[in-house]
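# Geometric and topological summary
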Amino acid sequence: MTNVALIVLDTLRYDAFEEHFDWLPGRRFEYAWSTSHWTVPAHASLFTGRYASEAGIYAGAQTFDCPEPLLAERLQDAGYTTRAFSANPNISPVFDADRGFEQFEKSWRLKHHGDDLFDWDGFIAQTRDSGPERYARALKEVVLGDSRTLPSLKHGAKLKLRDTRFGRHTAVVDDGASTALELARETAFGDDEFLFMNLMEAHSPYDPPPEWKTVDVDIEGLAASLGEPKDDPADIERAYDDSVRYLSHMHERIFAALRDSFDLIITVSDHGELLGEHGGWEHLSGIYPELARVPLSIYDARDGPVEGITTDDRSVNLMDVHETVLAGAGLESDLATRGRDLTALSERDAEIAVERDDADNADHGERTSGGFREGETLVEYHGLPDRHLDAMRRKGFEDVAYRTRWLEGVALGEYFGYETFDRFVEWGDTPYEDPQARLCALVGSLERREDVEEDGELDDAVMQQLEDLGYA
């Protein structure tokens, strides 16, 4: 069986990948599309091979509770050793994203995620004491309060390292890439291995280590999208670029550490990021091309080491990544999944796809068929959960209810037609006679799961992490 690594570079834009990842060998897909605009529904497609709405992942209902096995569970049942590393609180055991993983390592941010920890950030924000007086007061509250004492003290020490970044040998230097690198270098990988990683260095707050940072910003994406950013837009773009440069630096080392042990290494982003385009910031403000188009590179060394970069301009998506992992492991896809093995696409496949597209355009079959054409992808926006709306109202934004509206888009190759909050917009040359009718037909063909429950009440530690990353 083939050893497979799936590395998600969270929030990495396609253009930023093109600029800073020229070192990464493999096959690059020029038109890879996400199925959503943010982490959880995008990972739902990676983990299930279906759209998030088919798996029952929605705004405010982000727990991976679908009855069908997730990707890691399929691989584990087939005899794979399944390992994961996540720096993202949305992809964590709190939301059952660890299903099927024998080893699930977390970044410092998530180490005691959901463990009833003392709210250090809230305490620091509310107290006027400083130095020894603040420490003594905090220690008293930890010991006498309801939080778990020892884990709370350990977590507080790590937060101190995060905030001050003192000392040459501190273990907390970034959002988790350094820990992921350590895991990649020190793990004794054997045969039949599946490794999943989610790296958050490109995600806000855009805070790389000091030697990579050229500017400080304080980005609140949703608030900035509803109003104006606090910082100069040029500084925000620069801060994002700093973060991506550091991410590339770390992934190059992670990739080098994995290359000898893994035959198939897939590097992909779950979604992009808005840097002022369409008046939006971060990635909670719709389904624009800058959010939906993602980088995707596949390093396939089963026939020998690969050097250099090849490009492929066929239309692909995250569900194809799911199928590619399964196929690499020699497993058959479930009939309900929608992907295809991207390593099995030949040049003749491309010619056949073009011929089929030409025929479809000639007889306008796409107007009435609900079946997906090869490479055709829906992109879903399920609105915002109540915690986002409540946070915006606390910040003084009253008219936010319209953000709960669902939006959809359809992508095929270099074309993307998508709904905004007030109209339908097209990007690229359309392959359809009536793109809105085609979008409606595809949406109507989905069997969306409706027997879902909203997420339960999240503890303070989880909420604080979500707030830090703009998710609450």
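Scoring rules and cut-offs
Residues numbered from 1 in each chain as written. Predicted model: local features only at pLDDT ≥ 70, side-chain atom pairs only at ≥ 80, totals over all residues. Heavy atoms only, no water. Helix = DSSP H or I, 4+ residues; strand = E, 2+ residues; numbered from the N terminus. Areas by Shrake-Rupley, 256 points an atom, 1.4 Å probe, with all protein chains shown as cover. Axes fitted to C-alpha atoms, helices over the stretch in contact; angles between N-to-C directions. Parallel < 35°, antiparallel > 145°, perpendicular 65-115°, else oblique. Left-handed = near helix turned anticlockwise from the far one by under 90°. Contact = heavy atoms within 4.5 Å. Nonpolar A, V, L, I, M, F, W, Y, C, P; charged D, E, K, R; others polar. Buried < 20%, exposed > 50% of the residue type's maximum accessible area, 1.4 Å probe, protein only. Phe/Tyr/Trp six-rings, centres within 6.5 Å; stacked < 30°, edge-to-face > 60°. Lys NZ or Arg CZ within 6 Å of the ring centre and 35° of its normal. Salt bridge = Lys/Arg side-chain N within 4 Å of Asp/Glu carboxyl O. Core = buried A, V, L, I, M, F, W, Y, C linked by side-chain atoms within 4.5 Å. Polar contact = N/O pair within 3.5 Å; in protein donor to acceptor, adjacent residues only side chain to side chain. pLDDT = per-residue confidence, 0-100.

When helices and strands are tallied, the protein shows 16 helices and 15 strands. Taken as a whole, the protein presents about 19600 Å² of accessible surface, with 45% of it coming from carbon and sulfur.

Put simply, helix 8 (residues 177–186) and helix 10 (residues 233–259) touch, their axes get as near as 9 Å, and they point 15 degrees apart. In terms of orientation, helix 8 and helix 10 fall into the roughly parallel class. Read as a crossing pair, helix 8 and helix 10 show a hand that is left-handed. Taking contact as the criterion, the partners of Ala 177, Ser 178, Ala 180, Leu 181, Ala 184 and Arg 185 in helix 8 are, on helix 10, Met 250, Arg 253, Ile 254, Ala 257 and Leu 258. Counted by class, the contact of helix 8 with helix 10 contains 8 nonpolar, 1 polar and 2 charged residues.

Cis peptide bonds are those with omega within 30 degrees of zero, and the linkage from Ser 204 to Pro 205 qualifies with 20 degrees. One non-glycine residue, Thr 11, lies in positive phi territory at about 75 degrees. Along the chain, Thr 11 falls in the loop between strand 1 (4–9) and helix 1 (14–20). Owing to a relative accessible area of 0%, Thr 11 belongs among the buried residues under this scheme. Although it is not a glycine, Asp 192 adopts a positive phi angle of roughly 55 degrees. Structurally, Asp 192 can be placed in the loop between helix 8 and strand 5 (193–199).

In this section: the environment of Pro 210. In this fold, Pro 210 is placed in the loop between strand 5 and helix 9 (221–226). Take Pro 210: its relative accessible area is 52%, and that puts it in the exposed class. Through-space distance from the C-alpha of Pro 210 to that of Val 173 is 9.1 Å; in sequence the pair is 37 residues apart.

Attention now goes to the packing of aromatic side chains. A full pass over the atoms with the stated rule returns 21 aromatic pairs. With a centroid separation of 5.2 Å and an interplanar angle of 85 degrees, the aromatic rings of Phe 255 and Tyr 299 are classed as edge-to-face. Here Tyr 299 lies in strand 10 (residues 296–300) and Phe 255 lies in helix 10, a separation of 44 residues in the sequence. Taken as a pair, Phe 255 and Tyr 299 share a single burial class, namely buried. Here the aromatic rings of Phe 416 and Tyr 418 are separated by 4.9 Å at their centres, their planes lie at 15 degrees, and the arrangement is stacked. Since its relative accessible area comes to 0%, Phe 416 is described here as buried. With a relative accessible area of 4%, Tyr 418 lands in the buried category. Connected via pairs of aromatic rings, a cluster forms that spans Phe 47, Phe 64, Phe 101, Phe 104, Phe 194 and Phe 196. Lying over the aromatic face of Tyr 14, Arg 293 brings its terminal NZ or CZ to 3.7 Å of the ring centre.

Two numbers describe how helix 2 (residues 39–48) lies on helix 12 (residues 318–328): the axes approach to 7 Å, and their chain directions differ by 30 degrees. When the axes of helix 2 and helix 12 are compared, the pair comes out roughly parallel. Judged by the twist between their axes, the crossing of helix 2 over helix 12 is right-handed. Touching Ala 42, Ser 45, Leu 46, Phe 47 and Thr 48 of helix 2 are Leu 318, Met 319, Val 321 and His 322, all from helix 12. Of the residues contributing to the contact of helix 2 with helix 12, the split by class is 6 nonpolar, 3 polar and no charged.

This brings us to helix 2. Note: α-helices contain 3.6 residues per turn, so residues at a spacing of three or four share the same orientation. Along helix 2, 10 of the 10 residues are buried, which leaves the element largely enclosed by surrounding structure. Of the surrounding secondary structure, the elements contacted by the buried residues of helix 2 are strand 1, helix 3 (52–55), helix 4 (71–77), strand 5 and helix 12. Backbone geometry just after helix 2 places Gly 49 at a positive phi near 75 degrees.

Attention now goes to the pattern of salt bridges. Counting across every chain of the model gives 27 salt bridges. Residues Arg 50 and Glu 68 are paired through a salt bridge, measuring 3.0 Å at the closest nitrogen-oxygen approach. Note that Arg 50 is positioned in the loop between helix 2 and helix 3 and Glu 68 in the loop between helix 3 and helix 4, a separation of 18 residues in sequence. For Glu 68, a relative accessible area of 34% translates into the label partly exposed. A salt bridge links Lys 395 to Glu 220, with the nearest nitrogen and oxygen atoms 3.1 Å apart. Taken as a pair, Lys 395 in the loop between helix 14 (386–394) and strand 13 (407–412) and Glu 220 in the loop between strand 5 and helix 9 lie far apart in primary sequence, 175 residues in all.

Time to look at the nonpolar core. With 116 residues, the main nonpolar core has Leu 12, Phe 64, Phe 194, Phe 196, Met 197, Leu 258 and Leu 296 as its most contacted residues. The leading source of residues in this core is helix 10, at 10 residues. With sequence-adjacent residues up to four places away left out, Phe 64 is seen in contact with Val 40, His 43, Ala 44, Phe 47, Ile 57, Leu 70, Ile 91, Phe 95, Asp 96, Ala 97 and Arg 99.

Now for the environment of Gly 456. Here Gly 456 is to be found in the loop between helix 15 (435–445) and helix 16 (460–468). When its relative accessible area of 52% is taken as the criterion, Gly 456 is described as exposed. Between the C-alpha atoms of Gly 456 and Thr 63, which are 393 residues apart in sequence, the distance is 9.4 Å.

For the rest of this paragraph, the subject is the side chain of Asn 317. On the secondary structure map, Asn 317 appears in strand 11 (residues 309–317). Residue Asn 317 is classed as buried on the basis of its relative accessible area of 5%. Within polar-contact distance, the side chain of Asn 317 engages the side chain of Thr 377 at 3.0 Å. When residues no more than four places from it in sequence are discounted, the contact partners of Asn 317 are Trp 33, Glu 376 and Thr 377.

Here the protein averages 87 in pLDDT, and 82% of its residues register 70 or above. Every residue in residues 162–171 is under pLDDT 50, and counting partners more than four places away or in other chains gives 15 contacts. Note that pLDDT drops below 50 for residues 351–356; the model gives that stretch 3 contacts with residues more than four away or on any other chain.

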